[in-house]
Amino acid sequence: MARRKKLYEGKAKILYEGPEPGTLVQYFKDDATAYNAEKKGVIDGKGVLNNRLSEYFMKGLGQIGVPTHLIKRLNMREQLIRSVEIIPLEVVVRNTAAGSLSKRLGIAEGTALPRPIIEFCYKDDALGDPLVSEEHIIAFGWAAQQDLDDMVALALRVNDFMSGIMMAVGIRLIDFKIEIGRVWEGDFQRLIVADEISPDSCRLWDIETGRKLDKDVFRRDLGDLADAYTEVARRLGVLPSNVTHTVKPHLIN
Ligand code: UDP
């Protein structure tokens with residue numbers, strides 16, 4: 001059998017050439033990294049959970065008219081996606097202060113923000129994905145003003161959708177990151193949600209107890225990451241409720 005072509009390998013996913021032009025296969029690995037890959041681990045089952053969860057969120061977004069790269073999930077670890085030109089920015093939306101915002105501005109974690117705050121970070125591992133302003137983005141040509149307006153609109157729609165479905169299962173959406181890609185339809189460019197939406201890229205806190213159900217469990221050594229992600233999936237009905245995580249995760253240094 002011919003070996004398929006690997007196009008890109010990132011920290012948590014691999015992209016392979018897709019079966020048709022304009023498509024790719026996105027494979028979810030079990031690798032976990034934090035602090036710009038200073039901390040590394042392998043969490044058994046994480047890739048399977050993120051594949052299912054990202055499919056669930058992207059499918060739902062599609063159903064309410066927010067365009068995404070998802071075509072369909074193929075198997076436990078892979079999904080067929082549209083190939084896009086990724087805009088080199090991480091778009092972060094925050095509802096509650098946490099993480100780098102709390103650190104940078106000295107605002108206690110858990111402080112509700114008066115309105116959703118959108119931040120852009122320039123995607124560059126060597127620089128540690130620095131926070132950039134719209135001025136930088138336009139001056140350096142990473143996106144045009146119209147793109148920025150579209151990106152803000154997309155990010156806010158994703159925020160409302162994700163906040164709502166999380167609220168319905170007793171989870172507070174603190175913040176999240178998305179990546180956005182360009183696709184060309186004839187002479188027209190359209191921006192669509194790409195990459196993944198999963199507990200790797202969101203902060204999710206249980207409304208009642210404040211328990212963290214996201215990658216901070218790994219970043220801050222708060223327990224079993226796969227258990228936390230399984231809990232999110234179970235509440236959303238993405239996994240049958242009798243499926244539990246049985247293999248203990250182990251850290252690889
Ligand atoms: N985030 C991400 N990838 C990154 C940086 C951040 O998915 O490279 C997500 C992170 O999980 C959180 C949100 O974006 O949900 C805001 O992250 P923050 O800026 O607070 O950075 P962190 O504290 O994670 O370094």
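Keep in mind that what you see is a predicted model, and the values were worked out from it rather than measured.

> Which parts of the structure should I look at to understand the pairing of strand β7 (residues 78–82)?
Side chains on a regular strand alternate between the two faces of the sheet. Across the 5 residues of β7, 4 count as buried, placing the element largely inside the fold. In this structure, strand β3 (residues 23–28) lies alongside β7, joined through 5 bridges in antiparallel fashion. Directly across from Y27, in β7, lies its bridge partner E78. The sheet contact formed by strand β6 (residues 70–73) and β7 spans 3 bridges and is antiparallel.

> Looking at this model, I keep getting lost on the site of the ligand. Mind explaining?
Around the ligand, the structure places 15 residues, and the nearest of them are R94, S100, D175, R203 and R219. Note that an oxygen atom of the ligand is positioned 2.6 Å from one of the side-chain N or O atoms of D175. For the ligand, an oxygen atom lies 2.9 Å from a polar atom in the side chain of R203. Protein burial of the ligand: of its 510 Å² of free accessible surface, 76% is covered by the chains.

> Which parts of the structure should I look at to understand the packing of helix α1 (residues 46–63) against helix α4 (residues 145–167)?
Each pair of packed helices can be summarised by the angle the axes make with each other and by the distance between the axes. As a packed pair, α1 and α4 sit with axes 11 Å apart at the nearest point and diverge in direction by 120 degrees. One way to sum up the angle between α1 and α4 is to call them oblique. Considering how the two elements wind past one another, α1 and α4 form a crossing that is right-handed. On α4, the residues touching Y56, F57, G60 and L61 of α1 are V158, F161, M162, I165 and M166. Looking at the contact of α1 with α4 residue by residue, the classes come out as 8 nonpolar, 1 polar and no charged.

> I tried to follow the environment of Y122 on my own but got confused; where do I start?
Along the chain, the position of Y122 falls in strand β10 (residues 112–122). In this view, Y122 contacts P88, L89, L127, D129, P130, V132 and W142; residues no more than four positions away in its chain are not counted.

Conventions we followed
As a convention, each chain's residues are numbered from 1 in the sequence order in which they are written. Reporting of local features is limited, given that this is a predicted model, to residues whose pLDDT is at least 70; pairs of side-chain atoms are given and counted only at 80 or more, and all residues count toward the totals for whole chains, interfaces and linings. Hydrogen atoms and water are omitted, and side-chain values are computed over all heavy atoms in the structure. Only protein chains enter the accessibility calculation, which uses a 1.4 Å probe; a residue is then buried when its area is under 20% of its type maximum, exposed when over 50%, and partly exposed in between. Helix and strand definitions here come from DSSP, where helices need a minimum of 4 consecutive H or I residues and strands a minimum of 2 consecutive E residues; each element is numbered from the N-terminal end. Here, strands pair whenever DSSP counts at least two bridges between them. One heavy atom within 4 Å of a molecule or strand is enough for the residue carrying it to be called near that molecule or strand. N or O atoms within 3.5 Å of each other form a polar contact, as long as, within protein, one can give a hydrogen and the other can take it, and as long as residues adjacent in sequence are counted only when both atoms are side-chain atoms. With residues, only the protein chains shown are counted as cover, and all accessible areas are computed by Shrake-Rupley using a 1.4 Å probe. To get an axis, a line is fitted to the C-alpha atoms, and for a helix only the part in contact is used. The angle between two axes follows their N-to-C directions and goes from 0 to 180 degrees. Oblique is the label for any angle not under 35 degrees, not over 145, and not in the 65 to 115 range, which are roughly parallel, roughly antiparallel and roughly perpendicular in turn. Handedness of a crossing follows from how the near helix is turned relative to the far one, being left-handed for an anticlockwise turn of less than a right angle and right-handed for a clockwise one. Any pair of residues with heavy atoms lying within 4.5 Å of one another is described as a contacting pair. Residue polarity is assigned by list, with Asp, Glu, Lys and Arg as charged and Ala, Val, Leu, Ile, Met, Phe, Trp, Tyr, Cys and Pro as nonpolar; anything else, Gly included, falls into the polar class.

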